[in-house]
Structures are given as C-alpha cells and as structure tokens.
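Summary of the model geometry
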Amino acid sequence: MQGETKNIIQEESAKRTLDVLVVGSGPAGLSAAVYAKRASMSVKVVEKMYMGTGQVAESGRVDNYLGLPGMNGYEMGEVFRSHAQEFDVPFLEGEVCRFEKSRDCDCWIVKLSNGEVQKARAIIYAAGAKHRHLGVPGEEEFGGRGVSYCAVCDGAFYRGKSVVVAGGGDTALDDALYLSELCEKVYLVHRRDKFRGAAATLEKLRQKENVEIITSAVIKEILGDKRVQSVALADGRCLAVSGIFIAVGMIPETECVKEIVALDESGYIVADETGRTNKDGFFAAGDVRTKQLRQVITAVSDGANAAISAAEYLRNK
Ligand code: NAP
C-alpha cells in the first residue's frame, strides 16, 4: 500500500475508534459515561436491554441513596439515564460476546452478538450481575408462571394472594416488605437463622401481621399444575402459594471476560476502586468488580472513578 493511502486509512480508522466503550447501562455505566463525556472523551454505552438502567429499576424503593431518600428504583434509573442523555451519550443495543486487544490499532475490538464491531482505546466494563437460581425442581418449569426474580416487576400479579420470598439478604427483605403491601400472605423463607439484610427492614417485617418468617428452612421443590400451587420445604412442610419470588443473590456477568481479566473465586473481576484490572485499558465498575458493598451509591462512584482512571490511562499512552 502507498504510504499516503495507508496513513489516510489509519487516520480514518483512528477517527472511528472511541476513547472509551462502556459496557452496561446501570448506575455504574451511566456514571462512567457522564464522567467520560465531561473529560472530553468520545464514548458509547452498550446496553443489553433497550433503555435499560440495570438492577436499580427492580427496586421498589431505595432508601439509602444520599439526597434522594425513598425514591422509587425505576424512577431513579430514569433520572440517571436522562442525565447521561443530557450529555448526548450515544447508546447501542447489543450484547458483547468478545473482546480482542489489537496491536494494529492499539485498541480493543469489541464484537457484539448482533454482528456489530466497535473499536475503543479503553473499556469500562460495568455489566453488573444476574439473578442466582435456587436450582430446585419446578423452578425452570414454572418460570413466568409463578416463579419470579423481580417483586417490583411482577408483584402486582399476586395482589390478594399468598407468596413465598426466598432468601435472607437485602433483596429478599425488601421484596417481602414490598409484597406485604399487596399480598394476603407472605412467607419469607431463609436457609439460616441469621439474616444478611438490614436489621431495620427485618424489624419492619416482624411487625407485619401478614408476614411469616420461616428460618433454617430449605426449599426442596416448587409444585403446581399449569402454575405454581405450593412450595415444599425439606422438613416436610408444604406452603400453599400462588407464587415464589427468588432473591438468593446475584452472579456476576463475567462469562465473556473470564479469558481476558483476572476474576476472584466467585467470578467477580479483580479491581480496586480505581477500576483498574490486570489488563491495561480494561476497567471494571459497579457490582461486577470485587468490593465490599454493592449498592447504587457505590456503583455510581465506581463509574466516576473508572472514567477518570481511563482518562489518565489514555493521557499517559
Ligand atoms: P445477598 O446479599 O448475596 O443475599 C443472598 C441471600 O440468599 C443470602 O441470605 C443467602 O443465604 C441466600 N442464598 C444464596 N444461595 C442460596 C440458595 N441456593 N438457597 C437458598 N438461599 C440462598 O444478595 P442480595 O440480597 O441480592 O443483595 C446483593 C447486594 O445488593 C448486597 O450487597 C445487598 O446489600 C445489596 N442490596 C441492597 C439493597 C438496599 O440497600 N436496600 C437492596 C437490595 C440489594 P446465606 O445468608 O445463608 O448465605
């Protein structure tokens, strides 16, 4: 290739190469995008779900985000998203299926499941986590027919009915409280006698007449005909319910990066609050990284930190 033509092609390719590609449009990804834009970087956000805002949208009420007490989680997600839109952040619908580091452009080549390819000099990976399943008979069979992983999304279908909430963390406690306002009866079933979730929420649940807390109980099977009709416990008890909300934690969305960056034994990307991973130019933010506290407020601050780290990385290159 003639030298001049090659230079033009390289310049064109460089123009199409983003400074930062953010993967995930939850609080961490949106915050990263806002900070990246404000640092004058070219940025795009890849989102798995059109107009998605991540897990926050599933929270009925977020009580611990400074300055916005008691805000509905869905509305909070919309507020975050509109902030990013005010900065003209472009969104791209698709699921990332492959990352490759290219020596030619000194950038990441990112392939999406819809066939699109994006090039970026730095990645901020903020893909969050997905719902863990109980893994009991009936769970997959009755998916969408009595088995749910989102009380805020599906709770209204169970108005006046009896339901089980499985789990002992904040999500299970929040879900049980939310459902207690809609359902006739809520059984909160936890495998241990100690709860991980907030003591204040547990106390509120104890005051509710229509909530029964069953501890040290293992769910054995979800039973029904066309829809869920009961939940069987390992000790022989059988709870007659129309639905079960499974809130037994999350699994980090790290399948597509497990060959690229270091993960801890639970599958989270090893990164500190700067977001730096063991791979140059690849940053992690939000629930997907190793951290002590996975909350909206820490995800937002992760996004900011990762964007600033990415800016510093690009400046030093
Ligand atoms: P989590 O804190 O990991 O709790 C998961 C719960 O499910 C634990 O009680 C665990 O039992 C139980 N569990 C796990 N696997 C199970 C299985 N196979 N069978 C039965 N039970 C099982 O998850 P989370 O509640 O989704 O919360 C995730 C993070 O988000 C946490 O950091 C939480 O604080 C945060 N969050 C905060 C808020 C809030 O601040 N309002 C709301 C939602 C979530 P063990 O206790 O026995 O391990």
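It should be emphasised that the depicted structure is a prediction, and the values quoted were computed from it without experimental measurement.

Some thoughts on the site of the ligand
Lining the immediate surroundings of the ligand are 17 residues, of which Asn-64, Asp-170, Thr-171, Arg-192 and Arg-196 lie closest. In this structure, Gly-168 approaches the ligand through a main-chain N or O atom, which is 3.1 Å from an oxygen atom. Between the ligand and Arg-294, the relevant distance is 3.3 Å, taken from an oxygen atom to a main-chain nitrogen or oxygen of the residue. Protein contact buries 76% of the 910 Å² of open area that the ligand shows by itself. Of the residues assigned to the shell around the ligand, the class counts are three nonpolar, seven polar and seven charged. When residues of the shell around the ligand are sorted by domain, at least three fall in each of domain 1 (10–130 + 250–316) and domain 2 (133–246).

Quick word on the state of the cysteines
What the rule picks out here adds up to two disulfides. Disulfide partner of Cys-105: Cys-107, at an S-S distance of 2.0 Å. Looking down the S-S bond of the Cys-105 and Cys-107 bridge, the torsion is -70 degrees, so its handedness is left-handed. What pairs with Cys-150 in a disulfide is Cys-153, and their sulfur atoms sit 2.0 Å apart.

Brief notes about the pairing of strand S15 (residues 243–246)
Because side chains alternate across S15, one face comprises the buried residues Gly-243 and Phe-245, and the other comprises Ile-244 and Ile-246, equally buried. Bridge analysis of strand S9 (residues 162–166) against S15 gives four bridges, and the strand direction is parallel. Within S15, the position partnered with Ala-166 by the bridge is Ile-246.

Some remarks on the domain arrangement of the protein
How big an interface is tends to be stated in terms of accessible area lost as the parts join. Considered domain by domain, the protein is made up of domain 1 (10–130 + 250–316) and domain 2 (133–246). Between domain 1 and domain 2, the C-alpha centre-to-centre distance is 32 Å. Every contact between the two is made by five residues of domain 1 and, on the other side, five residues of domain 2. A combined buried area of about 350 Å² lies between domain 1 and domain 2, and 54% of that area is made up of carbon and sulfur atoms. Counting the contacts that link domain 1 with domain 2 gives zero salt bridges. At the junction of domain 1 with domain 2, the criterion picks out zero residue pairs in polar contact (both at pLDDT 80 or more). Counted by class, the side of domain 1 that touches domain 2 contains one nonpolar, three polar and one charged residues.

Re the packing of aromatic side chains
All told, the structure shown has seven aromatic pairs when counted by the stated rule. Ring geometry for Phe-99 and Tyr-125: centres 6.0 Å apart, planes at 75 degrees, overall edge-to-face. Here Phe-99 is found in strand S4 (residues 96–102), whereas its partner Tyr-125 is found in strand S6 (residues 117–125), with 26 residues between them in sequence. Residue class for Tyr-125 comes out buried when judged on its relative accessible area of 3%. Geometrically, the ring pair formed by Phe-99 and Phe-282 is edge-to-face, given 5.3 Å between the ring centres and 80 degrees between the ring planes.

Things to note about the side chain of Asp-287
In this structure, Asp-287 sits in the loop between strand S17 (282–284) and helix H7 (296–316). There is no salt bridge for the buried Asp-287, and the closest opposite charge comes from Lys-291, which lies 4.8 Å off by N-O distance. Among the polar contacts made by the side chain of Asp-287, one reaches the side chain of Gln-55 at a distance of 3.2 Å. The residues contacting Asp-287, other than those within four sequence positions of it, are Gln-55, Gly-128, Tyr-268, Arg-294 and Gln-295.

Things to note about the nonpolar core
In terms of nonpolar packing, the biggest core is built from 33 residues, with Val-20, Met-76 and Ile-124 touching the most fellow members. Secondary-structure elements contributing two or more residues to this core are strand S1 (18–23), helix H2 (27–38), strand S2 (43–47), helix H3 (73–86), S6 and H7. Of all the elements, H7 adds the most residues to this core, at nine residues. If we skip the residues at most four places from it in the chain, Ile-124 touches Val-20, Leu-21, Val-22, Val-23, Ala-32, Phe-283, Ala-285, Ala-306, Ala-307 and Ala-310.

Rules and cut-offs
- Residues numbered from 1 in each chain as written.
- Predicted model: local features only at pLDDT ≥ 70, side-chain atom pairs only at ≥ 80, totals over all residues.
- Heavy atoms only, no water.
- Near = heavy atom within 4 Å.
- Polar contact = N/O pair within 3.5 Å; in protein donor to acceptor, adjacent residues only side chain to side chain.
- Areas by Shrake-Rupley, 256 points an atom, 1.4 Å probe, with all protein chains shown as cover.
- Nonpolar A, V, L, I, M, F, W, Y, C, P; charged D, E, K, R; others polar.
- Domains from an automatic or database assignment.
- Disulfide = S-S within 2.5 Å.
- Buried < 20%, exposed > 50% of the residue type's maximum accessible area, 1.4 Å probe, protein only.
- Helix = DSSP H or I, 4+ residues; strand = E, 2+ residues; numbered from the N terminus.
- Pairing = 2+ DSSP bridges.
- Contact = heavy atoms within 4.5 Å.
- Buried area = accessible area lost by both parts, 1.4 Å probe.
- Salt bridge = Lys/Arg side-chain N within 4 Å of Asp/Glu carboxyl O.
- Phe/Tyr/Trp six-rings, centres within 6.5 Å; stacked < 30°, edge-to-face > 60°.
- Lys, Arg positive; Asp, Glu negative; His and termini not counted.
- Core = buried A, V, L, I, M, F, W, Y, C linked by side-chain atoms within 4.5 Å.

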